[in-house]
Amino acid sequence: MIDKNTLTSNIIVFAKELDASRAVAKQIQQAIVAKQSAGQPIVLGLATGNTPKLVYQELVRMHKNEGLSFENVITFNLDEYYPMMPSHQLSYHNFMNIHLFSHVNMLPENINIPYGQWSKAELIEKCKIYDEKIQQLGGIDIQLLGIGRNGHIGFNEPGSTMDTCTRLIDLHETTRNDAAKDFEGLHNVPYQAITMGIQTITSARKILLLALGERKSVIVHKALTGEITSDVPASYLRVLPQIEFIFDKEAAALINR
Ligand code: F6R
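What you are looking at is a predicted structure, and each value in this text was computed from that prediction instead of being measured. (Residues numbered from 1 in each chain as written. Predicted model: local features only at pLDDT ≥ 70, side-chain atom pairs only at ≥ 80, totals over all residues. Heavy atoms only, no water.)

1. Overview of helix α2 (residues 53-66)
In step 1: With 14 residues, α2 ought to run about 20 Å at 1.5 Å a step, and its terminal C-alpha atoms sit 19 Å apart, in line with that.
In step 2: In this fold, the buried residues of α2 make contact with α1 (17-37), β2 (42-46), α3 (92-99), β6 (142-145) and β9 (206-211).
In step 3: One or two positions beyond α2, positive phi appears at Gly-67, with a value near 75 degrees. (Helix = DSSP H or I, 4+ residues; strand = E, 2+ residues; numbered from the N terminus. Expected span 1.5 Å × (residues − 1). Contact = heavy atoms within 4.5 Å.)

The structure is reproduced here in structure tokens:
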């Protein structure tokens, strides 16, 4: 039985979004280097959206200025719009290339992103293979997450349960509205996406959820202090021992009170 008053102690609040993002990048860097020293690969679960941009900027800086190598890094992205061409300007494939992959020495064969052009007939099998590949590689070492204003993680929209795996999902109204500006109109926003499931995400050995800005303060408060429920998928995270919530002070404003 989960106590709804459980508030995780793994919360770090930074004065500025840059400091919060740098702290996340530092943890990722340290983990990459530790695995390199052990002669092992590292498996990272990656997010897109506004939130991780400064994290990726910092990792690119570390690669260029401090010699951080990505040769042993294997990545699995959380999600992709469906249908979506990888070459589309707003695809998450393109996002990752722009913000990280094209600037570092990742091996192309180590990059995994759900493919927005899988046919409906092959989707279930391809999603299963995506999860199996993660498992075969020993699971995700560090999973980076943002949080949607409706409490989604990845594109696990309200209603997503703990036992969900990678799958096709209908996007929630809030999610589509939040994407409307980028897509120059709600009518251009895809109605569906492929997302890693909550089970896939919560199997990671370390989870870093980053939330920045005042617009996330209400959902951060709800996810951390409200009921643990599929209505707010991020609420599942706070009872996990491997979770770390990293906020700037605007995102943490309501839980600070
Ligand atoms: C993106 C993802 C989403 C975003 C969330 C927040 O890969 O998984 O859950 O993290 O929608 O988006 P931003 O960061 O744009 O506020």
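On we go.
2. Some remarks on the sheet that holds strand β5 (residues 111-112)
In step 1: A sheet is described by the order of its strands in space; here seven strands give the open sequence β1-β10-β9-β6-β2-β3-β5, paired in parallel fashion. Two strands close off the open sheet at either side, each with one partner strand: β1 (11-14) and β5.
In step 2: Relative to β9, β6 is paired through four bridges, and the arrangement is parallel. Within the sheet, the bridge partner assigned to Ile-142 lies in β9 and is Lys-206.
In step 3: Sheet strands touched by α1: β1, β2, β3 (73-77), β6, β9 and β10 (243-248). Its angle to β9, the strand with the most contacts, is close to 160 degrees. (Pairing = 2+ DSSP bridges. Axes fitted to C-alpha atoms, helices over the stretch in contact; angles between N-to-C directions.)

3. With respect to the pairing of strand β4 (residues 79-82)
In step 1: Going residue by residue along β4, you find Asp-79 and Tyr-81 tucked away on one face and Glu-80 and Tyr-82 tucked away on the opposite face as well.
In step 2: Relative to strand β8 (residues 192-195), β4 runs antiparallel, the two being bridged by four bridges. Residue pairing in the sheet places Glu-80 in a bridge with Ile-194 of β8. (Buried < 20%, exposed > 50% of the residue type's maximum accessible area, 1.4 Å probe, protein only.)

4. As for the packing of aromatic side chains
In step 1: Tallied over the entire structure, the rule returns eight aromatic pairs.
In step 2: Ring centres 6.1 Å apart and planes at 20 degrees place the aromatic pair Tyr-92 and Phe-155 in the stacked group. Here Phe-155 lies in the loop between β6 and β7 (167-170) and Tyr-92 lies in helix α3, a separation of 63 residues in the sequence.
In step 3: Judged by centre distance (6.4 Å) and plane angle (75 degrees), the ring pair of Tyr-115 and Trp-118 falls under edge-to-face.
In step 4: Accessibility expressed as a relative area gives 35% for Tyr-115, which makes it partly exposed.
In step 5: Aromatic ring contacts, followed pair by pair, group Tyr-81, Tyr-92, Phe-155 and Phe-183 into a single cluster.
In step 6: Sitting over the face of the ring of Tyr-191, Arg-176 holds its NZ or CZ atom 3.8 Å from the ring centroid. (Phe/Tyr/Trp six-rings, centres within 6.5 Å; stacked < 30°, edge-to-face > 60°. Lys NZ or Arg CZ within 6 Å of the ring centre and 35° of its normal.)

5. Here's the deal with the site of the ligand
In step 1: With respect to spatial proximity, 14 residues lie near the ligand, and among them Thr-51, Asp-79, His-152, Gly-154 and Lys-216 are the closest.
In step 2: Here Thr-51 contributes a side-chain N or O atom positioned 2.4 Å from an oxygen atom of the ligand.
In step 3: One of the backbone nitrogen or oxygen atoms of Gly-154 is found 2.7 Å away from an oxygen atom of the ligand.
In step 4: Of the residues in the shell around the ligand, the class split is three nonpolar, eight polar and three charged. (Near = heavy atom within 4 Å. Polar contact = N/O pair within 3.5 Å; in protein donor to acceptor, adjacent residues only side chain to side chain. Nonpolar A, V, L, I, M, F, W, Y, C, P; charged D, E, K, R; others polar.)

6. As for the environment of Asp-19
In step 1: You can see Asp-19 is positioned in helix α1.
In step 2: Taking the relative accessible area as the measure of exposure, Asp-19 reaches 31% and is therefore partly exposed.
In step 3: Along the chain, Asp-19 and Thr-200 lie 181 residues apart, while their C-alpha atoms are 28 Å from each other.

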